[in-house]
Amino acid sequence: QVQLVESGGGLVQAGGSLRLSCAASGSIFSIRTMGWYRQAPGKQRELVAGITDSGRTNYADSVKGRFTISRANAENTVYLQMNSLKPEDTAVYYCNALISVVPGNVQRYWGQGTQVTVSS
């Protein structure tokens, strides 16, 4: 059984920073893309940032230059460093990963979500 466990959310003032972490555990053969999504009240879940197993990254336009995604492959962990936070960044942030528990069988897994609240 595979689990993704997020940590690092909280309340911060506008202009502040937070660092989210997500660790994958369980019977894992390999992890391909890892990423972060967010969902604000009344809005659809959206991609924030993603990173491949080779380190290639992509970001939503709204967070480019402010957020940085990274990963520690040896620890099956992905991070999201969020700087210059804005009230519109307020959302539940979800970790996501494409994981193989056996070779050739890739499934998408989600974390439970962590709340990020940015006050003005």
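Whatever comes next refers back to the structure up there.
Every residue gets a number counted from 1 within its own chain, in the order that chain's sequence is written. In keeping with the predicted nature of the model, local features appear solely for residues at pLDDT of at least 70, side-chain atom pairs appear and are counted solely at 80 or more, and the whole-chain, interface and lining totals rest on all residues. To get the side-chain values, all heavy atoms of the structure are used, and hydrogens and water are removed first.

1. Some thoughts on the sheet that holds strand β8 (residues 77-82)
Link 1 in the chain: Spatially, four strands are ordered β1-β3-β8-β7 in an open sheet, and the strand pairing comes out antiparallel. Each having just a single partner strand, β1 (3-7) and β7 (67-72) make up the two edges of the open sheet. Shown here is a sheet whose adjacent strand axes are inclined to one another by a mean of 15 degrees, direction ignored.
Link 2 in the chain: Two strands pair if DSSP finds at least two bridges between them. Under the DSSP-based scheme used, a helix requires at least four consecutive residues in state H or I and a strand at least two consecutive residues in state E, with every element numbered from the N terminus. In this sheet, β8 lies alongside β7 in antiparallel orientation, the contact comprising six bridges. Paired with S70 across the two strands is Y79, which belongs to β8. Where helices are involved, their axes are fitted lines through C-alpha atoms of the stretch in contact, as for all axes, and angles between N-to-C directions lie from 0 to 180°.

2. A few points about the pairing of β8
Link 1 in the chain: For each residue, the accessible area found with a 1.4 Å probe, counting protein chains only, is set against the maximum for its type, and the residue is called buried under 20%, exposed over 50%, and partly exposed in between. Among the six residues of β8, five are classified as buried, and the element is accordingly described as predominantly covered.
Link 2 in the chain: By the bridge criterion, six bridges tie strand β3 (residues 18-25) to β8 in an arrangement that is antiparallel. When the bridges of β8 are listed, L18 appears paired with M82.
Link 3 in the chain: Between β7 and the antiparallel strand that follows it, β8, lie four residues; N76 among them carries a positive phi value of about 50 degrees.

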